[in-house]
Amino acid sequence: MPRQSESPVEIALVGDLSEHQADWCDKLLEIAPGGRCVLYFDSPGGSPYAAMALANLLLLRGLDAVGIVVGECSSAALLPLAACRRRLVTAHSTLLFHHMKWQSEENVGLVEAAQWAKHFGELEQAMDRWLVELLGADPRLIAQWIDAGRYVLGPELAAAGLAELISPTALPWLTPRKR
């Protein structure tokens, strides 16, 4: 049963998205639709499908999510961060933008591999467009970062208008931002 609460639910998204997806989805589903949550990010990424599921849950349930990058938020983890209504970074927050990497340990036939490669290319383009849309970013900037495999620190992300730079000693999310 979704919980109704005055204070936001706090969830630490730490580690590979693929390994912890079920737990994080369960925690998000415990929040009442439209409810508040704070997501603390320290993730190198993981499965693009896990990233899409988390981002979609945040959006479909209309959660008032604050994403705070307390360490790393890279690769696929960028998508759920982008789905947060408010994004906070520190001077040391690190975000890696890069092209998706395909890895398969499966023994697949040539036809299936060709279909997967085609799907993978389409998926990467769709996710890049969605990332730009969710961030409200200049697509050329995000494309530059992705093409270069750029590590972007918190101050640069904030300077681009894609997050708010905070001090770790401040608690700005306790006071709701006016919309």
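Residues numbered from 1 in each chain as written. Predicted model: local features only at pLDDT ≥ 70, side-chain atom pairs only at ≥ 80, totals over all residues. Heavy atoms only, no water.

Comments concerning the pairing of strand S2 (residues 36–43)
Counted residue by residue, S2 has six buried out of eight residues, so it is predominantly covered. Taken together, the six bridges between strand S1 (residues 9–14) and S2 define a ladder with parallel strand orientation. Counterpart to Ala-12 in the pairing with S2 is Tyr-40. Crossover S1 to S2 through helix H1 (residues 17–29) is right-handed. Of the strand pairs in this sheet, S2 and strand S3 (residues 64–73) are connected by seven bridges, and their pairing is parallel. The residue of S3 that forms the bridge with Leu-39 is Gly-67. Regarding topology, helix H2 (residues 48–60) serves as the crossover connection from S2 to the parallel S3, and that connection is right-handed. (Buried < 20%, exposed > 50% of the residue type's maximum accessible area, 1.4 Å probe, protein only. Helix = DSSP H or I, 4+ residues; strand = E, 2+ residues; numbered from the N terminus. Pairing = 2+ DSSP bridges. Right-handed = clockwise from strand over helix to strand, strands pointing away.)

Here's the deal with the packing of helix H4 (residues 110–135) against helix H5 (residues 139–148)
Where H4 meets H5, the axes come as close as 10 Å, and the angle between the chain directions of the two elements is 130°. By the angle between their directions, the pair H4 and H5 is classed as oblique. Read as a crossing pair, H4 and H5 show a hand that is right-handed. For the pair formed by H4 and H5, the contact residues are Asp-128, Leu-131, Val-132 and Leu-135 on the first element and Pro-139, Ile-142 and Ile-146 on the second. For the contact of H4 with H5, a count of residues per class yields six nonpolar, no polar and one charged. (Axes fitted to C-alpha atoms, helices over the stretch in contact; angles between N-to-C directions. Parallel < 35°, antiparallel > 145°, perpendicular 65-115°, else oblique. Left-handed = near helix turned anticlockwise from the far one by under 90°. Contact = heavy atoms within 4.5 Å. Nonpolar A, V, L, I, M, F, W, Y, C, P; charged D, E, K, R; others polar.)

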